[in-house]
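# Summary of structural features
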Amino acid sequence: MASSPCSSVNFDSGLEIKTRSVEQTLIPLVSQITTLINHKDKPKKSERTQQAIQRVGQAVSVAVGRFVAVGEAIAMENEELKEEMGMACFEARRAGDAIAQLTDVGTAVTPPVDRRTTVFSDRTGMVKAARMLLSSVTKVLVLADRIVIKQIITSRNKVLVTLEQLERVSTFQEFVQIFSQFGNQMVEFAHLTGDRQNDLKDENKKARMAAARAVLEKCTMMLLTASKTCLRHPDCESARINKDAVFHRMRFALEQVMEIVTDARPCGETKVLPLSIYTGIKDFKSNVEGLREGLYLLPHQALSGQLEAVVERTEDFTDSAYTSHEHREGILQLCQLARQDTDQLITAWMEAKQSLNAKEATEEMELSILKTCQSVYELRRELHKVAVGRAADLLKLHAEHLPLRALKASGGEGNLEAVAEYARTLGEQKEQLVETCRLLCHVSGTEPLEITCIHAEETFHVIGPQIISAAQTLALHPSSKIAKENLDVFCEAWESQLCDMAVLLREINDVFEGRRGDKRAYVSLPRPGKHSANLKTVKAVKLDAEEQSTIAKLGLELRLLTSDVDTEVEKWEDQEHDIVRQGQSLSSMAYSMHLFTRGEGLLKTTTDLFHQAEVLSEEGLQLCSSLHTFSTQLMDEEKVVVLSEMEKLMGLCQQLQMGVRTPVQGKTATFQKVDSSIQNTRAIITVVIYLLPVCNKIVRKYKSERSNLGSPQSWRERQSSTPVKDDVLNGKNSNGFGVKSLEQHMANLTFLESK
């Protein structure tokens, strides 16, 4: 139990734990129970030890009592779970009482002559009580988790009902009234599903949830303008096609969310990812290397078949019209080399199997294994180079969005022929991007990234024709402001997906180069009241769908900038340097603000966002202090550059600080404050991106010229005098999500109360 607490819980309860919140709530309980049972291994204990054990037993009992009270309250509010929850709570309370009784000093046997007592005389009873407690508490938590799922399903159903109403409206007045309700429902749904996405343990499910939520996020604004265009031009066929496509995609995305949340598949289907070249090579290498341990592991035909399946999938690269002759030849040569090395391996393998004395891989076979693994790695590297290179070239080529501009212009002029011509150009661009996403999927390196690649492919495939139908509508009604607005929204969705593709490209490169492909979230959200007393009286606001869409664009820019910070940080030799650590801290806080713009992460309301922005401004000012100390050791020219940027950073931080501390009233003013906070944060991170390589270059220079600095202190010693913020730089996190004591954790049970 001590070595694998969560697996023990799963085994005892027979319930699968799918979310981090349930798992993290169980960890301290398992820890306390483990402490009690481990103490039984030493039958004789001093009076002091015995009293300590009694306190632990009593703490378990009290905490379980509080925990059960929460469970019983949930049961009262949810009739369908009342019986199950009541039984689980009863068992938990009974087990907690049993543990308290078994650890009670008053029930221990009479002390022997040496005045040492024996506790837990009933070992079987303790183990039984522990198992019952873990099982019943797990069941309570899983039942409570079903309430969360029920909330998401209820929210989805409300969205679907309103969606059907929106599809049937016939007047602007009716549409505006219903869409306002729909927007609020979508914001609620976004927050519920965002919480669920963050809580899921399965990374593939998280990626699928993120993809479905991204569709809903983009489609909400598309639905608004497409519906308005259809109402304004009811007889326009292209406007109707445009609108119908949005409604269809939203329903599909809502269904995807439900499949993930409920683990359900229509008609019992099991959706499997298309096998990528990366996965094929990984499995092939695993089987090749497994031959060392077992000469009779699998028939040699299976090994050849695996390789041929990988080679067959490389046709997506070699058959592409966009693959250069040089790259095509390179891939074909590497495929042939892999075949040859595999054939040699099979020959050596067969010889080893036929030898009576060979119980393990021979020297010749070992060499063949190494050569085969190397050849398929070279193949993977070449395919990665081709896919990533093409994606980078495409992003660069389409950075100015020329086809979109041309469609807007020709549509506004009412030129249907020009729209048709530029539609063909956009169609070709769409096909290139779709094929490139398919190639990236082959080399992405992880299943969550494969899911993201598939989502990107589907998005380009769908939005391309939608842009064209929106442009046709504008060309038919060139003076229509709503038709123009509609085309703008679809074009922005296309541009946003190109930005997402740039981020995806970096993450794929990170995985290939051995770096983590995911960004760590900043988890030290300040407690209310810790900063800016005047913020305590401000009412928290949740943004509506249109506002969320507006700030999502700013948030996407923040995400790209934080990725740039990570890239620059990795170039530093000294990862513990103050400037590096504070730069990373700012980047992580900015990333949490990006998550807010998507309705995800730890920042749930505008008040949370403003608290985070204030902490970010304080950290930025701390970085200014470090930069000032850093500049005192520099030559005049370098000093001027650093101080100039430091002053710019200081001004931006002070501006952000003043902005978030200024109280506002009303929804519009609050939204403007959110917009301003994110814009200022973006400007701060931009300065950090400029400063990091400049300071790194200076550090490297001074390090190489240390003997000429005229001071006995080394560069690192000079840095040790730099003022730092202990909480951040020493990794201390007073409000982090570490494992709390059982009593506090179970009593608070924040994950249940917040739902």
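Each chain carries its own residue numbering, running from 1 in the written order of its sequence. The predicted nature of this model means local features are confined to residues of pLDDT at least 70 and side-chain atom pairs, given and counted, to a pLDDT of 80 or more, with totals for whole chains, interfaces and linings taken over all residues. To obtain the side-chain values, all non-hydrogen atoms of the structure were used and water was disregarded.

In the annotation of an unreviewed UniProt entry, the entry for the protein reads Alpha-catulin isoform X4, and the organism field reads Salmo salar. Checking UniProt for the protein, the heading Subcellular location (unreviewed entry) contains the comment "Cytoplasm". Quoted verbatim from the Sequence similarities (unreviewed entry) field of the UniProt record, the comment on the protein reads "Belongs to the vinculin/alpha-catenin family." UniProt positions are given in the numbering used here, feature names are shortened, and annotations may be inferred rather than shown by experiment.

### Quick look at the overall build of the protein
The helix count covers DSSP runs of H or I at least four residues long, the strand count covers runs of E at least two residues long, and both are numbered beginning at the N terminus. On a plain count of helices and strands, the protein comes out with 26 helices and 2 strands. For each residue, the accessible area found with a 1.4 Å probe, counting protein chains only, is set against the maximum for its type, and the residue is called buried under 20%, exposed over 50%, and partly exposed in between. Each of the 755 residues in the protein was classed as buried or not, and the buried ones make up 50%. Here, two residues are considered to be in contact whenever any of their heavy atoms come within 4.5 Å of each other. The contacts of the protein with a sequence gap of at least 6 include a subset with a gap of at least 24, amounting to 80%.

### Digging into the nonpolar core
Within this scheme, the nonpolar core is defined by two criteria: the residues are buried Ala, Val, Leu, Ile, Met, Phe, Trp, Tyr or Cys, and they are joined through side-chain atoms within 4.5 Å. Of all hydrophobic cores here, the largest spans 101 residues; its most connected members are F182, L223, M250, F317, L440, I467 and W494. Domain delimitation in this document rests on an assignment produced automatically or drawn from a domain database. The two domains that each donate at least three residues to this core are domain 2 (169–265 + 400–513) and domain 3 (277–385). Once residues within four sequence positions are removed from consideration, L223 is found in contact with L163, L166, F175, F179, F182, V246, F247 and M250.

### Description of the environment of V687
On the secondary structure map, V687 appears in helix α22 (residues 667–704). Sequence separation between V687 and L652 is 35 residues, and the spatial gap between their C-alpha atoms is 9.4 Å. Filtering out sequence-adjacent residues up to four positions away, V687 remains in contact with E645, K648, L649 and L652.

### Describing helix α19 (residues 578–597)
Helix span is expected to be 1.5 Å times the residue number reduced by one. With 20 residues, α19 extends 29 Å from end C-alpha to end C-alpha; this agrees with the ideal 28 Å at 1.5 Å per step. Of all 20 residues that make up α19, 19 are buried, and the element is covered over most of its length. The positive-phi residue at the C-terminal boundary of α19 is G599, with phi of around 75 degrees.

### Overview of the pattern of salt bridges
Side-chain pairs of opposite charge can arise whenever the charged atoms involved come near each other. In the sections that follow, a salt bridge refers to a side-chain nitrogen of Lys or Arg positioned within 4 Å of a carboxyl oxygen of Asp or Glu. Inspection of the entire model under this criterion finds 27 salt bridges. A salt bridge links R700 to E573; the nearest nitrogen and oxygen atoms lie 3.2 Å apart. Separated by 127 residues along the polypeptide, R700 in helix α22 and E573 in the loop between α18 (545–569) and α19 bring together distant segments of the chain. Salt bridges sharing partners connect three or more residues here, namely E237, R240 and D244.

### Here we look at the packing of aromatic side chains
Stacked, edge-to-face and tilted labels apply to pairs of Phe, Tyr and Trp rings (six-membered ring for Trp) whose centres lie within 6.5 Å, assigned for plane angles under 30 degrees, over 60, and everything in between, in that order. This structure, assessed with the given rule, holds 3 aromatic pairs. Plain terms: the ring middles of F175 and F179 are 5.6 Å apart, the flat faces sit at 25 degrees to each other, and that makes the pair stacked. On the criterion of helical spacing, the pair formed by F175 and F179 is a turn pair, its members being 4 residues apart in helix α6 (residues 172–199). By relative accessible area, F175 is classed as buried at 2%. Classification of F179 as buried rests on a relative accessible area of 10%. Taking 5.2 Å as the distance between ring centres and 70 degrees as the angle between the ring planes, the aromatic pair formed by F460 and W494 counts as edge-to-face. Remark: W494 occurs in helix α17 (residues 481–512) and F460 occurs in helix α16 (residues 447–476); sequence separation between them is 34 residues. Each member of the pair F460 and W494 is classed as buried. Through pairs of rings, three or more aromatic residues link up here, namely F175, F179 and F182.

### Some thoughts on the packing of α6 against helix α7 (residues 203–232)
For helices, the fitted axis covers only the stretch in contact; all axes are lines through C-alpha atoms, and the angles between them, taken along N-to-C directions, range from 0 to 180 degrees. Where α6 contacts α7, the axes come no closer than 10 Å and their chain directions differ by 175 degrees. Classified by the angle their axes make, α6 and α7 are roughly antiparallel. Here α6 contributes F172, F175, F179, F182, M186, F189, A190, T193, G194, R196, Q197 and N198 to the contact with α7, which in turn contributes K206, M209, A210, R213, L216, T220, L223, L224, S227, K228, L231 and R232. Split by residue class, the contact of α6 with α7 holds 13 nonpolar, 6 polar and 5 charged. With respect to orientation, any angle under 35 degrees is reported as roughly parallel, any angle over 145 as roughly antiparallel, any angle of 65 to 115 as roughly perpendicular, and every other angle as oblique. Put simply, Ala, Val, Leu, Ile, Met, Phe, Trp, Tyr, Cys and Pro go in the nonpolar bin, Asp, Glu, Lys and Arg in the charged bin, and everything else, Gly too, in the polar bin.

### Comments concerning helix α9 (residues 277–290)
Between its first and last C-alpha atoms α9 spans 20 Å; for 14 residues at 1.5 Å apiece the expected length is 20 Å, and the two agree. Three or more residues of α9 are buried, namely I277, Y278, T279, G280, I281, F284, V288 and G290.

### Thoughts on a negative patch on the surface
Any residue with relative accessible area above 30% and no salt bridge may belong to a patch, with like charges joined within 9 Å and the nonpolar Val, Leu, Ile, Met, Phe, Trp and Tyr side chains within 5 Å. Only the protein chains shown count as cover for residues, and the accessible areas themselves come from Shrake-Rupley with a 1.4 Å probe. In this tally, Asp and Glu contribute negative charge and Lys and Arg positive charge; neither His nor the terminal groups of the chain are included. Note on charges: their place is set at NZ of Lys, CZ of Arg, CG of Asp or CD of Glu. A cluster of acidic residues, E312, E315, D316 and D319, forms a negative patch at the surface. You can see E312 is positioned in helix α10 (residues 300–313).

### Overview of the side chain of S368
When you line up the elements, S368 lands in helix α13 (residues 363–397). Its relative accessible area of 9% is what places S368 among the buried residues. Apart from the residues within four sequence positions on either side, S368 is in contact with Q344, L345 and A348.

### Overview of the environment of A73
With respect to the element layout, A73 can be found in helix α3 (residues 47–77). Judged by relative accessible area, A73 falls into the partly exposed class, the value being 37%. Put simply, A73 and M85 are 12 residues apart on the chain and 9.8 Å apart in space, counted from C-alpha to C-alpha.

### Comments concerning the packing of helix α14 (residues 402–412) against α16
One way to put it is that α14 packs onto α16 with a least axis distance of 7 Å and a crossing angle of 25 degrees. Our classification of the angle between α14 and α16 gives roughly parallel. Crossing of α14 against α16: the hand is right-handed. For the pair α14 and α16, contact is made by L404, L407, K408, G411 and G412 and by I467, A471, L474 and A475, respectively. Residue composition of the contact of α14 with α16, grouped by class: 6 nonpolar, 2 polar and 1 charged. Two helices that cross are described as forming a left-handed crossing if the nearer one is turned anticlockwise from the farther one by less than a right angle, and a right-handed crossing if clockwise.

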